[in-house]
Amino acid sequence: MHTRPERLAVLTLIVAASLPGLAACTAEAEADTVTAPASSPAQVRTALVDLYAGERASGDDADAAECFADDLLGRVSPEELRDGGVLDASYRPRGTLATLDRPVAEAWTEAQMSCTDFVAESTEAQEALTKGRLDADAYAACLDGRLDAETIRDASVSTLMARFDDPAVGEMSVAQSECSVLSVPRG
């Protein structure tokens, strides 16, 4: 299961190389060839909530995770999530998130963007990375002025598909890095 910091790393694309769960399928995922009976829709939903926010999510994290799971399941079926790399043959989340196919990556991104604010999530992640030294308001204003929704969407889809050479991924990474540098007081 992904913890909150891992989810924030996925959301913010801080360092693409640090996302091995997105970059390649694990041996376990590749070995999933046996078809098992599907879990109930409620079990799949709960698994997606846990995958998105971690098992110890609370407050806004839990609300966002529930929103995400509901929205994602409104866009794709559990079978599509299994075939697309999110769920294993038993309809449980894979140990690590595999490289997703385009339809699932797009659905994941749309659900994520419907339920969370990218700039706020990125700001929170940068605050954690800078151990609270970040001027959060300055970072958010900088990032908000540098990235539009289309770039965020394209970068997210490409990252989930392990297409790190997509220009949108580079644009997002540069924007986050530069805004972070500009928003951490020197001295």
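Residues numbered from 1 in each chain as written. Predicted model: local features only at pLDDT ≥ 70, side-chain atom pairs only at ≥ 80, totals over all residues. Heavy atoms only, no water.

Asker: How would you sum up the state of the cysteines? Please name residues and give values.
Answerer: The full count for this structure, using the stated rule, is two disulfides. Covalent S-S linkage joins Cys67 and Cys115, the inter-sulfur distance amounting to 2.0 Å. Measuring the twist about the S-S bond at about -75 degrees, one finds the Cys67-Cys115 disulfide to be left-handed. Within this pair, whereas Cys67 is found in helix α5 (residues 59–75), its partner Cys115 is found in helix α7 (residues 102–115), the two being separated by 48 residues in sequence. Exposure remark for Cys115: the relative accessible area of 16% places this residue in the buried category. By sequence order of its bonded cysteines, the protein chain has the disulfide arrangement 1-2, 3-4. (Disulfide = S-S within 2.5 Å. Helix = DSSP H or I, 4+ residues; strand = E, 2+ residues; numbered from the N terminus. Buried < 20%, exposed > 50% of the residue type's maximum accessible area, 1.4 Å probe, protein only.)

Asker: Describe in detail the pattern of salt bridges, supporting the description with residues and values.
Answerer: Applying the stated criterion across every chain, the model contains nine salt bridges. Arg45 is the salt-bridge partner of Glu66, the closest N and O atoms lying 4.0 Å from each other. Here Glu66, found in helix α5, pairs with Arg45, found in helix α4 (residues 41–53); they are 21 residues apart in sequence, far enough to count as distant. For Arg45, a relative accessible area of 25% gives the class partly exposed. (Salt bridge = Lys/Arg side-chain N within 4 Å of Asp/Glu carboxyl O.)

Asker: I'd love a proper account of the packing of helix α8 (residues 118–129) against helix α11 (residues 167–183), names of residues and values included.
Answerer: To characterise two packed helices, one gives the angle between the axes of the helices and the distance between these axes. Two elements in contact, α8 and α11, have axes separated by 11 Å at closest approach and are oriented at 55 degrees. Considering the angle they form, α8 stands oblique to α11. Seen from above, α8 lies across α11 with right-handed handedness. In this structure, α8 uses Phe118, Ser122 and Gln126 to contact α11, whose residues at the interface are Met172, Gln176 and Ser180. Tallied by class, the residues present in the contact of α8 with α11 amount to two nonpolar, four polar and no charged. (Axes fitted to C-alpha atoms, helices over the stretch in contact; angles between N-to-C directions. Parallel < 35°, antiparallel > 145°, perpendicular 65-115°, else oblique. Left-handed = near helix turned anticlockwise from the far one by under 90°. Contact = heavy atoms within 4.5 Å. Nonpolar A, V, L, I, M, F, W, Y, C, P; charged D, E, K, R; others polar.)

Asker: Describe the packing of aromatic side chains, with residues and values.
Answerer: In total, this model carries two aromatic pairs according to the counting rule given. Here Phe68 and Trp108 contribute two aromatic rings whose centre-to-centre distance is 4.8 Å and whose plane-to-plane angle is 70 degrees, an arrangement assigned as edge-to-face. One end of the pair, Phe68, is in helix α5; the other, Trp108, is in helix α7, and 40 residues separate them in sequence. Taking the relative accessible area as the measure of exposure, Phe68 reaches 0% and is therefore buried. Residue Trp108 is classed as buried on the basis of its relative accessible area of 4%. Taken together through their ring pairs, the aromatic side chains of Tyr52, Phe68 and Trp108 make up a single cluster. (Phe/Tyr/Trp six-rings, centres within 6.5 Å; stacked < 30°, edge-to-face > 60°.)

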